[in-house]
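Each chain, letter by letter, is given below.
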Amino acid sequence: MSASLNYKSFSKEQQTMDNLEKQLICPICLEMFTKPVVILPCQHNLCRKCASDIFQVEQASNPYLPTRGGTTVASGGRFRCPSCRHEVVLDRHGIYGLQRNLLVENIIDIYKQESTRPEKKSDQPRCEEHEEERINIYCLNCEVPTCSLCKIFGAHKDCQVAPLTHVFQRQKSELSDGIAVLVGSNDRVQGVISQLEDTCKTIEECCKKQKQELCEKFDYLYGILEERKNEMTQVITRTQGEKLEHVRALIKKYSDHLENVSKLVESGIQFMDEPEMAVFLQKMKRKKKEKEREREKEKRKEEETEREKDKEKKKKKK
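Residues numbered from 1 in each chain as written. Predicted model: local features only at pLDDT ≥ 70, side-chain atom pairs only at ≥ 80, totals over all residues. Heavy atoms only, no water.

An unreviewed UniProt entry annotates the protein chain as Tripartite motif-containing protein 55 originating from Cnephaeus nilssonii.

Structural data, given as structure tokens:
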């Protein structure tokens, strides 16, 4: 029964290791990845040497692809992924610009260590209570390795036990399965990261475009407001000039009137001193005629001034 369990656990472990090895095969050389391992933008992995070889083959088949200095490995260019045919565009570092997949490289190291590690039966630990007995069974209740005498006479006599090799192979198989799951999920996680990076770039480009459009609209509005400001400033300045001109004309008119009244008062005082009645009446008559001529002259002057203002207003409207 124990031999049968050991054989089944060994078979399951071997199957798990085979499945893990399939995940670590390069699609170019069809062998296990050789470090350094590079990950492409499409999330597939290649040996760096294989990536360099396929890049050189595509460069040779298409001489019009850009190269620099005749060195295809260390310069920019492009090639297609052998797994999905996705076009890989290289930067100025060429193949050496591709990111290394350190997780796959670490898994390869662990796989090789587990595959080549020999079993050391001579170094099998011995029981602390029974120093002559080797630890060869596993207590399922206490979850500790122990010896056969502990099961028969010792602390684990009432516990359920299993062969140490069976438990060892089972837990080792579970660990291998976990590693295989991690390798399989690594591509999906890398894909999600690439999508998120593309989303960040899209957000940055959209926000930059929106800022540019907003600045252009505000610049346009500023231009309209500045033009309107200049127009209104000119209207205010023109209105100010017209009003000042009108007020100054009134000031001059009333100043002239004041001067004429002063002269009239002065003449009246002089007439009052005239003792002769006939002379007084003659002077008064002449003064009245002069006064009427001055009024008519002022009236004509005002009419001319009004006509000139009307002409100026018509010119401004045109």
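Attention now moves to the confidence of the model for the protein chain. Overall, the prediction assigns the protein chain a mean pLDDT of 79, with 86% of residues at 70 or greater. Per-residue pLDDT, averaged within each element of the protein chain, yields its smallest value for helix 1 (residues 2–23) (58) and its largest for strand 2 (residues 45–47) (88). Within the model, pLDDT remains below 50 along residues 1–10, and this stretch shows 6 contacts once partners closer than five positions in the same chain are excluded. Scored below 50 in pLDDT, residues 67–74 shows 19 contacts in the model against residues more than four places distant or in partner chains. (pLDDT = per-residue confidence, 0-100. Helix = DSSP H or I, 4+ residues; strand = E, 2+ residues; numbered from the N terminus. Contact = heavy atoms within 4.5 Å.)

Glancing now at the pattern of salt bridges. Throughout the structure, instances matching the rule amount to 6 salt bridges. Linking Glu174 and Arg170 is a salt bridge whose minimum nitrogen-to-oxygen distance equals 3.6 Å. Pair noted here: Glu174 and Arg170 are both in helix 5 (residues 164–272), with a separation of 4 residues, about one helical turn. On the accessibility criterion, Glu174 (49% relative accessible area) is partly exposed. The salt bridge partner of Glu231 is Arg228, with a shortest N-O separation of 3.4 Å. In this pair, Glu231 and Arg228 are both assigned in helix 5, 3 residues apart and thus about one turn of the helix distant. Among the residues examined, Glu231 registers a relative accessible area of 37% and is labelled partly exposed. A residue is classified by how much of its surface remains accessible, and Arg228, at 48% relative accessible area, is partly exposed. (Salt bridge = Lys/Arg side-chain N within 4 Å of Asp/Glu carboxyl O. Buried < 20%, exposed > 50% of the residue type's maximum accessible area, 1.4 Å probe, protein only.)

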